[in-house]
Amino acid sequence: MRSLPDRGTVAITVDDAPMPDTMPAMLDLLERFGAKATFFMSGCRAVLAPELVAQTVRRGHAVYAHGWDHVRLDRESPRRLTDDMERCETLLARYRPTPSPYLVRLPYNGGWRSARVHRTLARWRPGCAVVHWGPSTEDHMISTRCAAVADVEPECRREVERLMADPRLPGGIVLMHDQPINDRPGAEFKPAVTITLLRLLLEALAARGLKSVVLPPPAPPVWWRRMVLT
Ligand SMILES: [Zn+2]
């Protein structure tokens, strides 16, 4: 899945959530703008902040597994991949029923073009779809360009302005992170980047009249639609 059928909408997708110093502010921002988002949560973070998983669900956002460990699961054995995803989903399932069909984004978007990974995932959750994105906030790089807190807002604004000019934005799936998991420099600026970026993004989307919605379930495969419609 790469885009939405309704070009008046945008789906903000947030990987690597939830972090206790940013998620409460993100949820408040989304509520203030009447926006909904889709969170691909990392089990290793969610287990440390279960109340935030519950709150995300309560406030009407969609929650899916982004794996337990943030590693290249596509390079692991099929068993390791599904065990890791299942461990994360088991945790999330304490807070909402497991969605069916399921939406998947693996760490580093690993294996999104790999037939082997798609087959493995289809065995894990039949009918599941790998969610790619159109415009990316490139927020995994923003903190690396900050030397002081004062740099955060202009750096975030630059990326949001670039996004607003992206022709894929209407009906687009937008990628961002809750403090991206990486070893890049500028880690101390990550919380401020995450919150500032989301605020500027929501302001800009509202100014454009684009509504932020949760990702819809994947369309059924063509053979299934034919069977039902004929
Ligand atoms: Zn990730």
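Residues numbered from 1 in each chain as written. Predicted model: local features only at pLDDT ≥ 70, side-chain atom pairs only at ≥ 80, totals over all residues.

Here Arg87 lies in helix 4 (residues 78-92). Exposure remark for Arg87: the 16 C-beta atoms within 10 Å place this residue in the partly exposed category. For the pair Arg87 and Pro217, spaced 130 residues apart in the sequence, the C-alpha separation amounts to 22 Å. In this structure Arg87 touches Gly43 and Trp68, once residues within four positions along its chain are discounted. (Helix = DSSP H or I, 4+ residues; strand = E, 2+ residues; numbered from the N terminus. Buried ≥ 20, exposed ≤ 12 C-beta atoms within 10 Å, placed from the backbone. Contact = placed C-beta atoms within 7 Å.)

Our next topic: the pairing of strand 2 (residues 37-41). For a regular strand, side-chain orientation follows a simple rule: the groups alternate between the two sheet faces. The buried count for strand 2 comes to five of five residues, which makes it a mostly enclosed element. In strand 2, alternate side chains face the same way, and those of Ala37, Phe39 and Met41 on one face and Thr38 and Phe40 on the other are all buried. Where strand 1 (residues 9-17) and strand 2 come together, five bridges link them in parallel fashion. When the sheet's bridge partners are listed, Thr13 is paired in strand 2 with Thr38. Handedness of the crossover joining strand 1 and strand 2 through helix 1 (residues 23-32) is recorded here as right-handed. (Pairing = 2+ DSSP bridges. Right-handed = clockwise from strand over helix to strand, strands pointing away.)

As a further point, take the nonpolar core. Core analysis: the biggest nonpolar cluster contains 58 residues, and Ile12, Phe39, Met41, Val104, Val174 and Leu197 have the highest contact counts within it. Those residues in contact with Met41 that lie beyond four places of it in its chain are Ala17, Pro18, Ala46, Val53, Val63, Ala65, His66 and Leu92. (Core = buried A, V, L, I, M, F, W, Y, C linked by C-beta atoms within 7 Å.)

Helix length check: helix 8 (residues 190-208) (19 residues) gives 27 Å between terminal C-alpha atoms against 27 Å at 1.5 Å per residue, within 8%. Listed as buried for helix 8 are Lys190, Val193, Thr194, Ile195, Thr196, Leu197, Leu198, Leu200, Leu201, Leu202 and Leu205. Tucked inside the fold, the buried residues of helix 8 contact strand 1, helix 1, helix 6 (139-142), helix 7 (152-164), strand 6 (173-177) and strand 7 (211-212). Positive phi shows up at Gly209, right after helix 8, with a value of about 75°. (Expected span 1.5 Å × (residues − 1).)

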